[in-house]
Number of protein chains: 6
Amino acid sequence: MSRIDGRKFNELRPITITTDFVSFAEGSALIECGDTKVLCCASVEDRVPRHVPYGAGWVTAEYSMLPRANRERSQRDVSKLKLSPRSAEIQRLIGRSLRAAVDLEALGERTITIDCDVLQGDGGTRTASITGGYIALALACKKLVEGNILPRDPVKGYVAAVSAGIVDDELLLDLCYEEDSRAMVDFNCVMNGQGELIEVQGTGEGRSYTLKEQQDLALLCSKGIRELIAKQKEILGGSHR
Amino acid sequence: MSRIDGRKFNELRPITITTDFVSFAEGSALIECGDTKVLCCASVEDRVPRHVPYGAGWVTAEYSMLPRANRERSQRDVSKLKLSPRSAEIQRLIGRSLRAAVDLEALGERTITIDCDVLQGDGGTRTASITGGYIALALACKKLVEGNILPRDPVKGYVAAVSAGIVDDELLLDLCYEEDSRAMVDFNCVMNGQGELIEVQGTGEGRSYTLKEQQDLALLCSKGIRELIAKQKEILGGSHR
Amino acid sequence: MSRIDGRKFNELRPITITTDFVSFAEGSALIECGDTKVLCCASVEDRVPRHVPYGAGWVTAEYSMLPRANRERSQRDVSKLKLSPRSAEIQRLIGRSLRAAVDLEALGERTITIDCDVLQGDGGTRTASITGGYIALALACKKLVEGNILPRDPVKGYVAAVSAGIVDDELLLDLCYEEDSRAMVDFNCVMNGQGELIEVQGTGEGRSYTLKEQQDLALLCSKGIRELIAKQKEILGGSHR
Amino acid sequence: MSRIDGRKFNELRPITITTDFVSFAEGSALIECGDTKVLCCASVEDRVPRHVPYGAGWVTAEYSMLPRANRERSQRDVSKLKLSPRSAEIQRLIGRSLRAAVDLEALGERTITIDCDVLQGDGGTRTASITGGYIALALACKKLVEGNILPRDPVKGYVAAVSAGIVDDELLLDLCYEEDSRAMVDFNCVMNGQGELIEVQGTGEGRSYTLKEQQDLALLCSKGIRELIAKQKEILGGSHR
Amino acid sequence: MSRIDGRKFNELRPITITTDFVSFAEGSALIECGDTKVLCCASVEDRVPRHVPYGAGWVTAEYSMLPRANRERSQRDVSKLKLSPRSAEIQRLIGRSLRAAVDLEALGERTITIDCDVLQGDGGTRTASITGGYIALALACKKLVEGNILPRDPVKGYVAAVSAGIVDDELLLDLCYEEDSRAMVDFNCVMNGQGELIEVQGTGEGRSYTLKEQQDLALLCSKGIRELIAKQKEILGGSHR
Amino acid sequence: MSRIDGRKFNELRPITITTDFVSFAEGSALIECGDTKVLCCASVEDRVPRHVPYGAGWVTAEYSMLPRANRERSQRDVSKLKLSPRSAEIQRLIGRSLRAAVDLEALGERTITIDCDVLQGDGGTRTASITGGYIALALACKKLVEGNILPRDPVKGYVAAVSAGIVDDELLLDLCYEEDSRAMVDFNCVMNGQGELIEVQGTGEGRSYTLKEQQDLALLCSKGIRELIAKQKEILGGSHR
């Protein structure tokens, strides 16, 4: 079966990561995966939420789609006075995933907030947010070290994410919107540089799936994540970790 | 290693399911998994949200914790004017999981809302909500058939859920709160009666985990879910499907 | 006239009070008055709202109905982003009533919050909340004394509540939902162990009523409240006050 | 005991009612009871809330204090995104009380909303809102008849309200703020032209009170309400009912 | 062309300013411009928002219309859980305008909040709020000096405001609602006692306008503002500045 | 005096307008004025708000800053459950300004919403939103004509906007953030292709200003707006109007 954009089943969409697309944030990256465009900004603040253990830091994320990021305009969250439940789910995922990349004790009593704003959404916005958010996070941490605010980089290792899915009984990597909307099974995978899992969300939207299929989807994702982490290394200089 | 409550690594907590604990809902069940108690009520309404295809029905869920369900009192959502993001994430999971159990076309233009209110939370409240919510859902559908509103039961098959985790490098089934708060990896699994996956959420909170560990956690869950579905069959008469 | 459930005009519905139905709260009671079921939990916190005089404590209440507590499902308050005005009115009543039972100076700088969550509502939920909330409150105070946090019990005396009404020109005690919806006059009474009034809310919904009828309704309520307080004494051991 | 403003125990504060203080509303009255000033406006709209029986009308009320109505400025409800629970309680009381004055069937499918905005609050704002709101309501109904929209006036009879209380063991009528803040028992009474009760709210804030005291407080109120209704008659021409 | 109310093109509506219409606020004025009635109250509080420089004070405003201030009833902001965007725009304008009248350093660490509540709106409510709000502000500052809280009056000079507009190609001063709703160009002007501009808002609602017209509108306004400031001086005694 | 970025007093910052930066919207433009970057998207919907006259269309705008558009991170509106009053003020200005460019009757029963999301804010975001929003609007209208949905372009003429200000008694065009924060007078001007005014907002933040200065500021703006409209013509082909 050939894919709508001619890719092979295990091929990522073209990735572009533009660092410093905006310049006020401590770290920022515009990530483009095919037609999906997410602006990721990392902000460092010298305070932590209450639940954080004494002396440690925190990493959190906020995710939002611009009203016309999609094929149809949607109302702003503030107009409905509600954070969209989908955004709530996604920003919790991004936060957990990026926290896994950071030694929170080494960060000290600081919060890094990763704002992921989807300028255009064509599938895979949550995984693009994690992959791009990681760059923003790493750049912000680098700045903390370069500014002698931290003695060493609190980033422990690479983290990237990609989706896979089962469309017409075929396993495909990195679904675009059109594929995603036809997928029977949707699988989002966050991994580190060692190919180990940090987060998995699998959903049998159209049918259930077997443990074997779960494993195959995860393997497919690990192939894509290796390539994404190679890209991250290239951008960040790969010096640290 | 012995568990805090003396269970074996692959042993569920005692389960009690009381149907008709409240009587106005079309279907209801109070599910108790150890000290976790969730009241699940299914309400049938003759209208569907806009996005539902013509002629089809919908199944959705709402999840909430009573303010004193936990060891410490928490503020009500309405006091904060915000659905807790955690509740938003969980109710989306419950909704997706239970929709997988239902032939939405056979349901017709109806919405079944499953309200899952946690009276007491000692770990595993989201999976208990799915297992108990399924009972409420099935009872409500049964009533639709018995009342000659539907010609046949729209429930396609069983759905139940359980958690597993890695605590001190040991894989454990059905974590209680104390185990959950010490778990390095947290894994929630929703399966059907054929042992196939409907939803998976895995989180490496304390460390990353391997594809092999993912598979083992899923297998452990499938053992627990088999027992939960046996319990569901017992309660529902097992006649249908 | 015989009542719908065969009771005499001055007869309460069967009362069941289950203490420790949930176990994390400092005090808790599931109160059932006929088909009305309210879960009451008392939480103790070591701080008071600003308006409380220095050194004194506070008792407050929150009241809510689960979405399917009634014959029809209702939206959650958080979905509407508004505390229901009816709930606002009721929780202020519960708070005032239970504060009357407590020596706030003896409580010290603590707040006891009584959460009254209606699992099923068949009339009389506000009065059941007061009667059951009192048990939760008294149990929490007992625990403060037993834990040597307070030298003596700050509960000054018993408090219970019941409704009465005029249905078809007949005065009836403890209206169930069906009676309540046909009542011309609705009367809610909170009294102490000496048969004195703490709160009264009378409403001529269908017609006005005379001062004489007001007195008779209050007398009818005092008969029911005596029985409710006897029940409270039985449960609490009656030792204190 | 002499009262702070020299009144006798059973004496009302001076009452001024200015009709048409504002002119766009279908009916309006600025009521002043001592230093308490409430602007009451009645608005007629040709639709009713869903719960109203077919063909019938509805009367409802909204109550609010201007931010600087009191000795200290308070935040606006909209700044807190919450209707104050006290306002919620009071506007429900006003609505119920004024509905008792109207034949809702005769009103037809119309809603009359009585907005009671407290410009200055010196005690007794809820009862002033009812007494003044009645004038606004009656004027609006008069206009419906004069405009040939209704064949006959749907107002069935007079309704007015006043407070009483027990201060230093003395029963006093129409408490001002200073008396109210020292009252042990606070009693609000709504009555019709026949001296019958429509609503009663009694609160033992500082101590409990006896059935006898309840009766005496109601009698004291009935004296004040007779005078208030005389005032209403004077203003409205007394022609109707 | 003759105006609807017989005024000349450059004539203000009759102005009445009643100070101390309410008495709890530190300063208050009921301003009536024709049928427009705005109650302005100044409240002094001993704290400032965070953004204010150390040692300095702050002046801010809140603006709201009562629900029946207009020809049709409108919903309260709190019912919509949103400050109306129009109110937001207007209260920012009032705040900026009145801050221009005050030496914030001389005010010290205090906030003066000017609440402008429109009891009846017949055009020009924002400019009436500024003119009347100035009186409330000046009275409150006078009280601070008289009470020896401040050594000297922080009010630097007079501030008043008026609207003008182009209706049927004619420039008119102080539009009433009917004129305003037909105006092609709407112009709001805030000036000081020297006839200099503090704020201008010009809107070509029906057509664009020339720089020459802008100047003429401003001149027309300056004529009206001179008269308004004369009125302010008369009321305030004109002693200060 | 030389400006911080070396510009002459009447010189605009470099302008870049990228059309189709995102591709789902009916029209879109990323406008960059110096370091200010605003993404403007026009969405066409086949319905109009209630207040719009029968048969006519509507143009409205929404304005928002991404949380890290500024030097410091700010909370999202949805987190505060409030549209920022500043955003409310600005989006009303943008909406009024762009409506002036459109023949609403020719648009037919359609709403065009212009979303202006500030990716980076370095002063002049409201005027950049108008200038860029105009491009998005014009592109969307062009598409309606090209798609034969409208017989002729409803855009009547050009509209652009720029700020000016008085800094150290010097009149400067197009203030950047640093200049803006030191400006004594801030002036925002919206004009059409004929150099006529559509909207003016002038604020004497640090001092009052004369009618003569007002005129000079407007003239300075008209010089900048001529250049901005030249740019717009270049991008849009200048064919229409």
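Heads up: the structure comes first, above all this text.
Residues numbered from 1 in each chain as written. Chains lettered and ligands numbered in written order. Predicted model: local features only at pLDDT ≥ 70, side-chain atom pairs only at ≥ 80, totals over all residues. Heavy atoms only, no water.

Asks: Lay out the sheet that holds strand E5 (residues 111–120) of chain D in plain terms, naming residues and giving numbers.
Replies: All names here are of chain D. A sheet is described by the order of its strands in space; here five strands give the open sequence E1-E2-E3-E5-E4, paired in mixed fashion. Sheet topology places strand E1 (15–19) and strand E4 (58–65) at the edges, where each strand pairs with a single neighbour. Across the sheet, the mean angle separating the axes of adjacent strands is 20° when strand polarity is ignored. The pairing of E4 with E5 spans eight bridges and is classified as parallel. Within E5, the residue paired with Val59 across the bridge is Ile112. Across the face of the sheet, helix H2 (residues 85–99) comes into contact with E4 and E5 while running at roughly 145° to E4. (Pairing = 2+ DSSP bridges. Helix = DSSP H or I, 4+ residues; strand = E, 2+ residues; numbered from the N terminus. Axes fitted to C-alpha atoms, helices over the stretch in contact; angles between N-to-C directions. Contact = heavy atoms within 4.5 Å.)

Asks: Outline the packing of helix H2 (residues 85–99) of chain B against helix H4 (residues 125–146) of chain B, listing residues and values.
Replies: Residues and elements named next belong to chain B. Two numbers describe how H2 lies on H4: the axes approach to 10 Å, and their chain directions differ by 40°. Considering their axes alone, H2 and H4 lie oblique with respect to each other. When you trace H2 past H4, the crossing you get is right-handed. Side by side, H2 and H4 meet where Arg86, Glu89, Ile90, Leu93, Ile94, Ser97 and Leu98 of the first sit next to Thr125, Arg126, Ser129, Ile130, Gly133, Tyr134 and Leu137 of the second. Looking at the contact of H2 with H4 residue by residue, the class counts come to seven nonpolar, four polar and three charged. (Parallel < 35°, antiparallel > 145°, perpendicular 65-115°, else oblique. Left-handed = near helix turned anticlockwise from the far one by under 90°. Nonpolar A, V, L, I, M, F, W, Y, C, P; charged D, E, K, R; others polar.)

Asks: Summarise H2(D); cite the residues concerned and give the values.
Replies: With 15 residues, H2(D) ought to run about 21 Å at 1.5 Å a step, and its terminal C-alpha atoms sit 21 Å apart, in line with that. Taking burial as the measure, the 15 residues of H2(D) include 12 buried ones, the bulk of the element. (Expected span 1.5 Å × (residues − 1). Buried < 20%, exposed > 50% of the residue type's maximum accessible area, 1.4 Å probe, protein only.)

Asks: Talk me through the pairing of strand E3 (residues 36–45) of chain B; I want residue IDs and the actual numbers.
Replies: Residue and element names in this part refer to chain B. Across the 10 residues of E3, 10 count as buried, placing the element largely inside the fold. Neither face of E3 is open: one carries Thr36, Val38, Cys40, Ala42 and Val44, the other Lys37, Leu39, Cys41, Ser43 and Glu45, and all of them are buried. Bridge analysis of strand E2 (residues 27–33) against E3 gives seven bridges, and the strand direction is antiparallel. Considered in E3, the bridge of Cys33 is made with Thr36. As judged from the nine bridges shared by E3 and strand E5 (residues 111–120), these two strands associate in the antiparallel manner.

Asks: Could you give an account of the relation of the copies chain B and chain C, with specific residues and numbers?
Replies: Mapping chain B onto chain C calls for a screw motion: a turn of 180° about the axis and a shift of 0.0 Å along it, with 0.0 Å RMSD after fitting. Both chain copies can therefore be described as sitting about a two-fold axis. For chain B, the residue whose C-alpha comes nearest the rotation axis is Val78(B), separated from it by 2.3 Å. Of the residues that chain B buries at the interface, 100% are likewise interface residues in chain C, meaning the two copies contact each other through the same surface. (Least-squares fit on C-alpha atoms with pLDDT ≥ 70 in both.)

Asks: Describe in detail the interface of chain B and chain C, supporting the description with residues and values.
Replies: Residue-level contacts link 36 residues of chain B with 36 residues of chain C. The largest per-residue losses of area from chain B upon contact with chain C belong to Phe24(B), Arg68(B) and Arg73(B), which jointly make up 27% of the total buried on that side. Our count for the contact surface shared by chain B and chain C stands at 12 salt bridges. Linking Arg68(C) and Glu26(B) is a salt bridge whose minimum nitrogen-to-oxygen distance equals 2.6 Å. Joining chain B to chain C, the criterion identifies 20 residue pairs in polar contact (both at pLDDT 80 or more). Listing elements by their share of the side of chain B that touches chain C, those giving two or more residues are E3, strand E4 (58–65), helix H1 (77–80) and E5 of chain B. Per-element accounting of the side of chain B that touches chain C gives the leading share, six residues, to E5(B). Per-class residue counts for the side of chain B that touches chain C are 16 nonpolar, eight polar and 12 charged. (Buried area = accessible area lost by both parts, 1.4 Å probe. Salt bridge = Lys/Arg side-chain N within 4 Å of Asp/Glu carboxyl O. Polar contact = N/O pair within 3.5 Å; in protein donor to acceptor, adjacent residues only side chain to side chain.)

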